[in-house]
Amino acid sequence: MKKIASISVIALLLFASCNNTKLLSSWKSPDATTEKYNKVLVLGLTGSKDRELRESVENAVAKKLQDQGLNVETSTHQYGPKSFRTMSEEQAVKMVNDNGFDAVMVVALLDKKQERNYTPGYTTSTPYAVVRNRWYGGYSVLYDRVYNPGYYSSTTDYVLEASFYKTKGDRLIYSAQTKSFDPNSAGDLANEFSKTIVSDMRDKGVISK
């Protein structure tokens, strides 16, 4: 029994550590080369209802890029939660350039889809006459049906897009989309997304390894 329990715990830990974020598509500009960026701005777009997700994604992406040796600031920290909302394009571009940013990473929540799933309750394949022939057999079957009924649960999937721009010349260097399957929290989603995106950027030579 102890061995079975240990195997079950290991299996649960492995399942929990699985990355629920998958890369859907990825593109790099054909003429882009690996460069050393001096200062990168991470800007999240998620809508007012997902402000926690925006801040979590900005912070997680910034941390992953910092781990690669880059100087990174988040838009929320640098300019506040309503950054650029009332500015014209010219004003926003000038402010970012004046603050010394030579690259901008825009992360947008493209889709958020909730699904409702039904999980059946307890069932048995034992013949009815066998389990109901004695009172406890009938009691135990009916107990499971009464106290372990079917139930509905909801899952939420997210599609995020990351676009990496070089401010000089205002050029798109890299773009990718990911899908995250029912993350446990905004923090989990942000960590998995940032790990997936930054790893792909390294592999494609957008940033140095």
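Residues numbered from 1 in each chain as written. Predicted model: local features only at pLDDT ≥ 70, side-chain atom pairs only at ≥ 80, totals over all residues. Heavy atoms only, no water.

**Q** Describe the overall build of the protein, listing the residues and the values that go with them.
**A** Helix and strand counts for the protein stand at 7 helices and 6 strands. N-terminal to C-terminal, the α/β element order of the protein is α-β-β-α-β-α-α-β-α-α-β-β-α. (Helix = DSSP H or I, 4+ residues; strand = E, 2+ residues; numbered from the N terminus.)

**Q** Tell me what's going on with the side chain of Ser 75, and back it up with residues and numbers.
**A** Looking at where Ser 75 falls in the secondary structure, it is placed in helix α3 (residues 75-79). We classify Ser 75 as buried; its relative accessible area is 0%. Excluding residues within four positions of it along the chain, Ser 75 makes contact with Leu 41, Val 42, Leu 43, Arg 54, Glu 58, Gly 80, Ser 83 and Phe 84. (Buried < 20%, exposed > 50% of the residue type's maximum accessible area, 1.4 Å probe, protein only. Contact = heavy atoms within 4.5 Å.)

**Q** Quick rundown of the packing of aromatic side chains? Include the residues and the values.
**A** For the coordinates displayed, the defined rule picks out 2 aromatic pairs. Seen from their ring centres, Tyr 37 and Phe 164 are 5.2 Å apart, and the 80 degrees between their planes marks the pair as edge-to-face. One end of the pair, Tyr 37, is in the loop between β1 (21-28) and β2 (40-45); the other, Phe 164, is in strand β5 (residues 151-166), and 127 residues separate them in sequence. Side by side, Tyr 37 and Phe 164 carry an identical accessibility label, which is buried. The ring of Phe 101 is capped by Lys 39, whose NZ or CZ atom sits 4.6 Å from the centre of that ring. (Phe/Tyr/Trp six-rings, centres within 6.5 Å; stacked < 30°, edge-to-face > 60°. Lys NZ or Arg CZ within 6 Å of the ring centre and 35° of its normal.)

**Q** Before we move on, could you go through the environment of Lys 22 and cite the residues and values that matter?
**A** Position of Lys 22 among the secondary structure elements: in strand β1. In this structure the C-alpha to C-alpha distance between Lys 22 and Thr 178, which are 156 residues apart in sequence, comes to 5.5 Å. Not counting residues up to four positions away in its chain, the partners in contact with Lys 22 are Gln 177, Thr 178, Lys 179 and Phe 181.

**Q** With reference to specific residues and values, describe the packing of helix α2 (residues 51-67) against helix α7 (residues 186-203).
**A** Axis separation between α2 and α7 bottoms out at 8 Å; the angle between their running directions is 40 degrees. α7 is crossed by α2, and the crossing has right-handed handedness. For the pair α2 and α7, contact is made by Glu 52, Leu 53, Ser 56, Val 57, Ala 60, Val 61, Lys 64 and Leu 65 and by Ala 186, Gly 187, Leu 189, Ala 190, Asn 191, Phe 193, Ser 194, Lys 195 and Val 198, respectively. Looking at side-chain class alone, the contact of α2 with α7 contains 10 nonpolar, 4 polar and 3 charged residues. (Axes fitted to C-alpha atoms, helices over the stretch in contact; angles between N-to-C directions. Left-handed = near helix turned anticlockwise from the far one by under 90°. Nonpolar A, V, L, I, M, F, W, Y, C, P; charged D, E, K, R; others polar.)

**Q** Any details on the nonpolar core? Residues and values, ideally.
**A** By size, the foremost hydrophobic cluster in this structure holds 32 residues, and its most contacted members are Val 40, Leu 65, Met 105, Phe 164, Phe 193, Ile 197 and Met 201. Listing elements by their share of this core, those giving two or more residues are β2, α2, β4 (103-119), β5, β6 (171-181) and α7. Residue contributions to this core peak at 7 residues, all from α7. Beyond its immediate stretch of four places on either side in the chain, Phe 164 contacts Tyr 37, Val 40, Ala 103, Val 104, Met 105, Arg 171, Leu 172, Ile 173, Tyr 174, Met 201 and Val 206. Counting residues in hydrophobic clusters, the runner-up holds 9 residues, among them Tyr 79, Ala 92, Val 96 and Phe 101. (Core = buried A, V, L, I, M, F, W, Y, C linked by side-chain atoms within 4.5 Å.)

**Q** Requested: an account of the confidence of the model for the protein, with residues and values cited.
**A** The predicted model of the protein averages 82 in pLDDT, with 76% of residues at 70 or higher. When mean pLDDT is compared element by element in the protein, strand β3 (residues 72-74) scores highest at 97, while helix α1 (residues 2-17) scores lowest at 43. In the predicted structure, residues 1-17 sits below a pLDDT of 50 and forms 0 contacts with residues beyond four places in sequence or in another chain. (pLDDT = per-residue confidence, 0-100.)

**Q** Provide a residue-level description of α7, including the pertinent values.
**A** With 18 residues, α7 should cover 26 Å at 1.5 Å per step; its first-to-last C-alpha distance of 26 Å lies within 8% of that length. All of the buried residues in α7 are Ala 186, Leu 189, Ala 190, Glu 192, Phe 193, Ser 194, Thr 196, Ile 197, Val 198, Asp 200 and Met 201. (Expected span 1.5 Å × (residues − 1).)

**Q** Go over the pattern of salt bridges, please, and point to the residues and values.
**A** This model, assessed by the stated rule, comprises 8 salt bridges. Among the salt bridges present, the one from Glu 35 reaches Lys 166, with a minimum N-O distance of 2.9 Å. With a gap of 131 residues between them, Glu 35 in the loop between β1 and β2 and Lys 166 in strand β5 connect regions that are remote in the sequence. On the accessibility criterion, Glu 35 (26% relative accessible area) is partly exposed. (Salt bridge = Lys/Arg side-chain N within 4 Å of Asp/Glu carboxyl O.)

**Q** Give me the lowdown on the side chain of Thr 21, citing residues and values where you can.
**A** Topologically, Thr 21 is positioned in strand β1. Here Ser 180 takes part through its side chain, which lies 2.7 Å from a polar atom of the side chain of Thr 21. Residues within four places of Thr 21 in sequence aside, it is in contact with Thr 178, Lys 179, Ser 180, Leu 189, Glu 192, Phe 193 and Thr 196. (Polar contact = N/O pair within 3.5 Å; in protein donor to acceptor, adjacent residues only side chain to side chain.)

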